[in-house]
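A look at the structure
So the chains spell out like this:
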Amino acid sequence: MNSVVRLGSISYRGNHAQKWLSSHQLKPNRSVKPIDKLLIANRGEIACRVVKTAQRLGVRTVAVYSDADAKSLHVAAADEAYHIGPPSSQLSYLRGDKIIQVAKDSGCQAIHPGYGFLSESVEFAELCQKEGVIFMGPPASAIRDMGIKSTSKAIMAAAGVPIINGYHGDDQTNETLVREAQKIGFPLMIKAVRGGGGKGMRIAEKPEDFLSALESARTESEKAFGDSSVLLERYVRSPRHVEVQIFADHYGDAVYLFERDCSVQRRHQKVIEEAPAPGLSEELRKELGMAAVRAAKAVGYVGAGTVEFILDKEDLSFHFMEMNTRLQVEHPITEMITGTDLVEWQIRVASGEPLPIKQSDIIRNGHAFEARIYAEDPRGGFLPGAGPLHHLSTPTPNENVRVETGVRQGDEVSIHYDPMIAKLVVWGKNRTQALDSLIARLNDYHITGLETNVNFLIDLARHPSFKAADVHTGFIPQHFDTLFPPLSVSETVLCQAGIAIVLNELKFNRYGATSSGRSGDPFVVESGFRMNHVAVRKVSLKFNDKEYVVSVKNLGDSFEVKIDNGDWKVVKPSLLDHPQRFSIKTNIDGIFTSFSAVISPEQVAIFTENGKTELSIVPPKFLSQQSGDDGVGGSRVVSPMPGVLDKIHVKPGDTVQAGDPVAVIIAMKMEHVLKAPRNGVVKSVGGKVGDNLAKGAAVVTFEVEEK
């Protein structure tokens, strides 16, 4: 990678590393107001990210936290931290009045909103201005203009930014919308004017589908945003989601820092991003960038922002979609290919400095990927999860690898907030090198205690179509079968699991044995198991509801292992020296493999180049306990994930029909309706509104009707 040269405190790569612009001298009519203390109105990894840059610049940082975050990493990282309320974001991180009061009480000149929460709140930006606190984002007017889809598209059209063919008018009568739909043609997208996240969005494939799709979109939009207004657009069947990073100062100058491709998504949310977008000509990159700059200037933008475009996969035409008036989750990949620190730019521009660099001096170098690591179950519809991080070891950060996170081993992913654990960011000289690095580093991300999407990300990054950059927003549904093949466990992994369990027992002197345990040495048992008294340790493991018996025979200088009634395999293990992991190299019948293991009384997790395989350890029968009612047969409705009980629709004695909603839980800002699996009479309700629920907790118990 090109060397990094520091000019002042901003890093640059490549040929432009030696350039420091004459425009760094202030333009007239605005004074610099240095920021020496900054409040971060956010949590998790973005709060930690802002702290890192601020402290490098000598800017003191103030964190805010809810009850759920009292022991969190961002609180520990900041110079000061103030409690602002209970776990609910409505009563803590969304309380702009409390946050501004903390900023004033602690002597902060500015507030960095991060992303999410108050970052795109017009009211909060206005309140900051009223209270004399710098809002580290665009003017409230820009947030307002870009926050309503129909308004933003009218502004973009006037500024010469391409918008997709559609209807964005105020006349919302059925007659007008039907007439405009016929002009646009089918298939056609119906979108709520306000909001996002896919709510109020429907596709009408043909004219006869239009009115029912319109009514459905209106109803959902009214519920979500209090506004049933919609707009109509031509539906692009194979769109790519390409966005441009822009930055503007108070003097009317704006630049673009190239584009990112964020096409691979689930639930209308990004999973993996890369910069630059693959397969674009230099001419098209420039057109996208200049269109984004025109968009920013059209609304008097200041600070970091992202202009999102729909790019037709077939003809590469692009159209304005929306503008995110904040720093994006995926901003690190832009930093990696341009050698910049966008948070530093935010701090400097907010204090009144001009942009530190001209457009001609922003040079693209290499390729970068960001993978979002979530607590979620990809095979279960990407259902979000929560719980403790019993074991957490990460890739080693360096100049080409960034681990952006707000958690540590032992922390808990909370039910109250977004389930993102971390962002893994890698750089390479080209897309192939960057992708190889991403796969290797994902294999170094080891997490136990909850379900994550790491295995899915590995499979996605290795997928032939992804490697070929054949990406679009329907990528996951299109390749569902190959991304989610049937689950299976190999004999090698079973063998590794058995060996790991036995070595772990010997390592900690279970069964009276000791070991040398020196790094790289064969794990030779020095007492206990001997050649002249061969002992066999049988371990029962369960994977995907199938049970396997792994027999391990200690031969003193090696082991023999067999799976169920199979053949014995000779295994010679060695411990590898790693500060975070129990890592082992094995020679199994002449084949060398390396793996890591995390072992608890209930399960063993094996980490190999194919990701994580978790196997349950079946206790001996004499340790087994009689299980109670496990809900088989539909006698209980259980919580599918940790969450908060938000609504209860039934009471004891009520008769329910299969499919009736019985309760609602809230987890990770999503609402999940729990339904009765069959007809029955409610026997009991497990909890009251506002209770925290563990995964698998019985919410409603009922007796099945006699047939």
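Scope of this entry: the structure provided in the associated data block. Residue positions are given per chain, counted from 1 along the sequence in the order it is written. Residues qualify for local features only when their pLDDT is at least 70, as the model is predicted, and side-chain atom pairs are given and counted only at 80 or more; totals for whole chains, interfaces and linings, by contrast, use all residues. In computing side-chain values, all of the structure's heavy atoms are included and hydrogens and water are not.

What about the pattern of salt bridges?
Opposite charge on two side chains permits pairing when their charged atoms draw close. The cut-off we apply is this: Whenever a carboxyl oxygen of Asp or Glu lies within 4 Å of a side-chain nitrogen of Lys or Arg, that contact is scored as a salt bridge. What counts as a helix is a DSSP run of H or I of at least four residues, what counts as a strand is a run of E of at least two, and both are numbered from the N terminus.
Per the stated rule, a full pass over the model turns up 43 salt bridges. We note a salt bridge from K153 to E233, for which the minimum N-O separation is 1.8 Å. Of this pair, K153 sits in helix α6 (residues 149-158) while E233 sits in strand β11 (residues 230-234), and the two are 80 residues apart along the sequence. As a salt-bridge pair, K270 and E243 come within 2.8 Å of each other at their nearest N and O atoms. Residue K270 is found in strand β15 (residues 269-270), and its partner E243 is found in strand β12 (residues 239-248); the two are separated by 27 residues along the sequence.

Details of the layout of surface pockets
Selection rule: Within this scheme a cavity is a closed region of a 1 Å grid, computed over the protein atoms alone, that accommodates a 1.4 Å probe without allowing it to escape, whereas a pocket is open but has protein on both sides within 12 Å along at least five of seven lines; lining residues each have an atom within 4 Å of a point. Grid points are joined across faces, edges and corners, and a volume is the space filled by probe spheres set on the points. Three categories are distinguished: nonpolar for Ala, Val, Leu, Ile, Met, Phe, Trp, Tyr, Cys and Pro, charged for Asp, Glu, Lys and Arg, and polar for the others, with Gly belonging to the last.
In this structure, the second largest pocket encloses a volume near 1,100 Å³. Lining of the second largest pocket is provided by 35 residues; of these, N455, L487, F543, K612 and T613 occupy positions nearest its centre. Take the lining of the second largest pocket: its biggest share by element is six residues, from strand β35 (residues 611-617). Looking at the lining of the second largest pocket, its residues break down into 12 nonpolar, 15 polar and eight charged.

Describing the packing of aromatic side chains
Short version of the rule: Ring geometry is summarised as follows: Phe, Tyr and Trp rings, the Trp one being its six-membered ring, pair when their centres sit within 6.5 Å, and such pairs are stacked at plane angles under 30 degrees, edge-to-face over 60 and tilted between the two. Relative accessibility decides the category of a residue: with a 1.4 Å probe and only protein chains considered, values under 20% of the type maximum give buried, values over 50% give exposed, and everything between is partly exposed. Two conditions define a charge located above a ring, namely a distance within 6 Å from the ring centre to NZ of Lys or CZ of Arg, and an angle within 35 degrees of the ring normal.
Across all of its chains, the model carries 14 aromatic pairs by this definition. Ring centres of Y93 and Y417 lie 5.6 Å apart, and the angle between their planes is 80 degrees; on these two criteria the pair is classed as edge-to-face. One end of the pair, Y93, is in the loop between β5 (80-85) and α3 (96-105); the other, Y417, is in the loop between β25 (412-413) and β26 (420-428), and 324 residues separate them in sequence. For the pair Y93 and Y417, a shared accessibility class is recorded, and that class is buried. With a centroid separation of 6.1 Å and 45 degrees between ring planes, the pair formed by F369 and F466 is classed as tilted. Of this pair, F369 sits in strand β19 (residues 367-374) while F466 sits in helix α14 (residues 464-467), and the two are 97 residues apart along the sequence. As far as burial versus exposure is concerned, F369 and F466 are alike and both buried. An aromatic cluster is present here, built from F382, F456, F480 and F484 joined pairwise through their rings. Between the NZ or CZ atom of R364 and the centre of the ring of F258, over which it lies, the distance is 5.5 Å.

Here we look at the packing of helix α5 (residues 140-147) against α6
As a reminder, the rule being used: Throughout, an axis means a line fitted to C-alpha atoms (over the contacting stretch in the case of helices), and angles, computed between N-to-C directions, take values from 0 to 180 degrees. Working rule for angles: under 35 degrees goes down as roughly parallel, over 145 as roughly antiparallel, 65 to 115 as roughly perpendicular, anything else as oblique. Should any heavy atoms of two residues lie within 4.5 Å, those residues are considered in contact.
At their nearest, the axes of α5 and α6 sit 5 Å apart, and the two run at 100 degrees to each other. The angle between α5 and α6 falls in the class roughly perpendicular. Two secondary-structure elements touch here, α5 through D145, M146 and G147 and α6 through K149, T151, S152, I155 and M156.

Let's talk about the sheet that holds β5
Our working definition: Any two strands between which DSSP finds at least two bridges are classified as paired.
Read from one edge of the open sheet, five strands run β5-β4-β3-β6-β7, paired in parallel fashion. For this open sheet the edge positions go to β5 and β7 (134-135), each flanked by a neighbour on one side alone. Summarising the sheet, strand β3 (residues 37-40) and strand β6 (residues 110-112) pair through three bridges and their orientation is parallel. For L39, the partnering residue across the bridge sits in β6 and is I111. Running over the sheet, helix α1 (residues 44-56) touches β3, β4 (60-66) and β6 and is turned about 175 degrees from β3. In this fold α3 packs onto β3, β4, β5 and β6, with an angle of close to 155 degrees to the strand it touches most, β5.

What to know about helix α10 (residues 331-338)
Structural remark: α-helix, 3.6 residues per turn; residues separated by three or four positions point the same way. The buried count for α10 comes to eight of eight residues, which makes it a mostly enclosed element. Among all positions in α10, only H331, P332, I333, T334, E335, M336, I337 and T338 are buried. In the segment just after α10, G339 is the residue with positive phi, at about 65 degrees.

Purely geometric stuff here, so don't read any function into it on its own.
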